[in-house]
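# Structure at a glance
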Amino acid sequence: MNDSNCQCAALQFYCTAGNGMEPFLIQEVKTKLAAKDVDHIPGKVFFTTSFEIKQVRELKSAERLFLLLKRHSPLSAHTAKTPSGIQSRLMGDGSDWTRAVLSWRCLQRDLMMRSDCTLSVALPGRKRKREEEKESGVEGSTCNEPIGTQKLGLEGERRELGLHKDHISSTEDSGSVNCVAGDKVEEERIEGSRDRKTSTVSFRVSCRCSGALSRRFSPQDLSRIIGTAASRQLGWRVDLRKPDLEVNVYMSDDHCVLGIPLLRLPLANRSYMKTTGLRSTIAWAMASLSDIKPGSCVIDPMCGVGTILLEAAHEYQDAFFLGLDIDESQLVKADQNVEFAKFGDRVQLLQASSKEIPLPSCSVDVVVCDVPFGKKFGTKTDMAASLPVIVREMERVLRVGGTLVLLLSPQLSCLLKKSMTPRPVTSHTQGEGTGVGLGGDVDPSHTPSLFPSLQPLSYHRVSLGAIDALIHKYVKIVTATTTLSGPDCIHTLNPCIVEPDCIHTLNPCIVEPE
């Protein structure tokens, strides 16, 4: 392995992703990393790339990043009966573990050269946040001491890690692993029998398991089994508090995955975001669906703290963005985010109602919006009543060929789909019946859609943690009622699309109509 460039050869990684985000992550790794061997299971996407780690860590739709140690078929009922069977199947001859830790060490050096504070290896925290994808199994961490700049050959790396020559092998075992950590009794016993002068890699194992295996062994049981085997076979030292690395394992009746986390913080954490609102991965996915091009003007009529706009502005640096919100306190936070991200030259804010957007018709290229829902934002009845008015305004300001992307609750999603669908008109030939079956005949005519120029393109169900939401994507098309003439449809968008005499400046980035 070339010490100066860890990724001269392709390496295998996987990322965790929120439910419904797997297709976005698959597309992103193919587009940005020219990834090969791309595959996925629920909550995880696997890929191979030769791109440098600094580019891999820029993935926006992923939660956490792991170096893949092994992915294999799940343990059979016969193999999982005894600890020795599990150890034999998951460890093999140890060569996969050894190769993975050498790659991991090289990647950590590459990360260290670029940023000391982003290096993640020691992982003392055990309590997990529900939002940060259960599959990760990794929490807070502290950084390892910087590795010296002196170049080491492969044998030097082996000596540095305390790995014996017979642990390096081209033979692959057919097993994989899934646990949490070794116990202290085993740790003390192993330390007493090891040559203390030998430098070793310290580790712990973090496990999630489900299905039949979880009914036979607890995560703690599996941790002892795997931790003990790795310590005996590889000479590694168990350290539950501040290990050099963590081996993260996931096993179910259908899958068996083993990996090493590469970064202390989730990829979903954004260094350019001061105040968070919508989950950053969801905001990025919405921006990626918006078909933003150089010179495009993008508006968010209910921008909140500006999460979607900032994700889009970071990804598409040749477009212009305008955020609207009726709530001044939200705009203040959005303004702080814009200033913190240094996007003030491309992101403007306007205090206005989404029901009366103060922009000309056909004047924007993209409308993207997280429509508020749930207890935090008021009753579902209020938003259900307001949704047709809000979407009609979005339709009005969007140019023909422009894109509309919305994030909706399942209830609002159903309501909007019904509003988009023409329904048959029922006429009654006698009496004043009010329904089919009361003497009424079905007329061949239909009531038109409330939004005739919005053509649905796709729907994506995604998880927000405790609840799900749906992303709707539409394109505006020409219809009999579409206005195609007049200055409103040739309005050119720029960083500030509101006329100066129509606005009152609250601060450099927030404006409101008189």
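Because the structure is a prediction, the values reported are computed rather than measured.

## Remarks on the pattern of salt bridges
For the structure shown, the criterion picks out 16 salt bridges. Notably, a salt bridge pairs arginine 237 with aspartate 239, separated by 3.6 Å at the nearest N-O pair. The residue lysine 473 makes a salt bridge to aspartate 291 at a minimum N-O spacing of 3.1 Å. Residue lysine 473 is located in strand 17 (residues 468–476), and its partner aspartate 291 is located in the loop between helix 9 (280–288) and strand 9 (297–300); the two are separated by 182 residues in the primary sequence. Overlapping salt bridges bring together Glu28, Lys32 and Glu315 as one network.

## Let's talk about the packing of helix 1 (residues 22–33) against helix 9
Closest axis-to-axis distance for the helix 1/helix 9 pair is 11 Å, and the angle between their directions is 65 degrees. In terms of their interaxial angle, helix 1 and helix 9 are classed as roughly perpendicular. Seen from above, helix 1 lies across helix 9 with left-handed handedness. Across the interface between the two elements, Phe24, Glu28 and Lys32 from helix 1 touch Trp284, Ala285 and Ser288 from helix 9. Of the residues belonging to the contact of helix 1 with helix 9, the class tally is three nonpolar, one polar and two charged.

## Description of the nonpolar core
Counting 121 residues, the largest nonpolar core has Leu59, Trp97 and Leu406 as the members making the most contacts within it. Those residues within four positions of leucine 59 in sequence are excluded, and the remaining contacts are Cys15, Leu25, Glu28, Val29, Leu33, Phe47 and Leu267. By size, the runner-up hydrophobic cluster in this structure holds seven residues, among which are Tyr14, Ile41, Leu68 and Tyr250.

## Considering helix 1
Along its 12 residues, helix 1 runs 16 Å from first to last C-alpha, staying within 8% of the 16 Å computed at 1.5 Å per residue. Here helix 1 has its buried residues at Glu22, Phe24, Leu25, Ile26, Glu28, Val29 and Leu33. Downstream of helix 1 by a residue or two, alanine 34 has a phi angle that is positive, lying close to 45 degrees.

## Brief notes about the packing of helix 9 against helix 10 (residues 307–315)
Where helix 9 meets helix 10, the closest approach of the two axes is 8 Å, and the angle between their N-to-C directions is 60 degrees. The orientation of helix 9 with respect to helix 10, classified from their angle, is oblique. The hand of the helix 9/helix 10 crossing is right-handed. Judged by residue contacts, Ser280, Ala283, Trp284, Met286 and Ala287 of helix 9 engage Thr307, Ile308, Glu311, Ala312 and Glu315 from helix 10.

## Topic: helix 10
With seven of nine residues buried, helix 10 lies mostly within the body of the structure. What helix 10 keeps buried is the set Thr307, Ile308, Leu309, Leu310, Glu311, Ala312 and Ala313. Where helix 10 is buried, its residues contact helix 9, strand 9, strand 10 (320–325), helix 11 (328–341), strand 11 (347–351) and strand 12 (364–370).

## Some thoughts on the environment of isoleucine 467
Along the chain, the position of isoleucine 467 falls in the loop between strand 16 (454–463) and strand 17. The class for isoleucine 467 is partly exposed, based on a relative accessible area of 43%. Residues isoleucine 467 and proline 410, 57 residues apart in the sequence, show an inter-C-alpha distance of 9.4 Å.

## Looking at the pairing of strand 5 (residues 202–209)
The element strand 5 is largely enclosed, with a buried count of seven among its eight residues. Pairing geometry for strand 5 and strand 6 (residues 237–238), over two bridges, is parallel. Directly across from serine 202, in strand 6, lies its bridge partner arginine 237.

## Brief notes about the environment of serine 386
Relative to the elements of secondary structure, serine 386 occurs in helix 12 (residues 380–397). Taking the C-alpha atoms as reference points, serine 386 and lysine 355, separated by 31 residues in sequence, lie 8.0 Å from one another. Reaching out from serine 386, the side chain makes a polar contact with the side chain of lysine 355 at a distance of 3.2 Å.

## With respect to unusual backbone geometry
A positive phi angle, near 45 degrees, is found at alanine 34, a position not held by glycine. For alanine 34, the position within the fold is in the loop between helix 1 and strand 2 (36–41). Even without a glycine there, the phi angle at cysteine 362 is positive, about 55 degrees. The topology assignment puts cysteine 362 in the loop between strand 11 and strand 12. Judged by relative accessible area, cysteine 362 falls into the buried class, the value being 8%.

## Let's talk about the packing of aromatic side chains
All chains considered together, the criterion is met by five aromatic pairs. Ring geometry for phenylalanine 13 and phenylalanine 47: centres 5.8 Å apart, planes at 25 degrees, overall stacked. Taken together, the residues span a long stretch of sequence, with phenylalanine 13 in strand 1 (residues 11–16) and phenylalanine 47 in strand 3 (residues 44–49) at a distance of 34 residues. Across the pair, phenylalanine 47 and phenylalanine 13 agree in class, each one buried. Here the aromatic cluster, defined as three or more aromatic residues joined through ring pairs, consists of Tyr14, Phe46 and Phe66.

## A closer look at the sheet that holds strand 4 (residues 64–72)
Hydrogen bonding along the main chain pairs the strands of a sheet, whether they run parallel or antiparallel. Taken together, eight strands build an open sheet; the order of strands is 2-3-1-4-8-7-5-6 and the sheet is mixed. Looking along the sheet, the strands with just one partner apiece sit at the ends: strand 2 and strand 6. In this fold helix 8 (residues 219–234) packs onto strand 5, strand 6 and strand 7 (245–251), with an angle of close to 145 degrees to the strand it touches most, strand 5.

Criteria and cut-off values
- Residues numbered from 1 in each chain as written.
- Predicted model: local features only at pLDDT ≥ 70, side-chain atom pairs only at ≥ 80, totals over all residues.
- Heavy atoms only, no water.
- Salt bridge = Lys/Arg side-chain N within 4 Å of Asp/Glu carboxyl O.
- Helix = DSSP H or I, 4+ residues; strand = E, 2+ residues; numbered from the N terminus.
- Axes fitted to C-alpha atoms, helices over the stretch in contact; angles between N-to-C directions.
- Parallel < 35°, antiparallel > 145°, perpendicular 65-115°, else oblique.
- Left-handed = near helix turned anticlockwise from the far one by under 90°.
- Contact = heavy atoms within 4.5 Å.
- Nonpolar A, V, L, I, M, F, W, Y, C, P; charged D, E, K, R; others polar.
- Core = buried A, V, L, I, M, F, W, Y, C linked by side-chain atoms within 4.5 Å.
- Buried < 20%, exposed > 50% of the residue type's maximum accessible area, 1.4 Å probe, protein only.
- Expected span 1.5 Å × (residues − 1).
- Pairing = 2+ DSSP bridges.
- Polar contact = N/O pair within 3.5 Å; in protein donor to acceptor, adjacent residues only side chain to side chain.
- Phe/Tyr/Trp six-rings, centres within 6.5 Å; stacked < 30°, edge-to-face > 60°.

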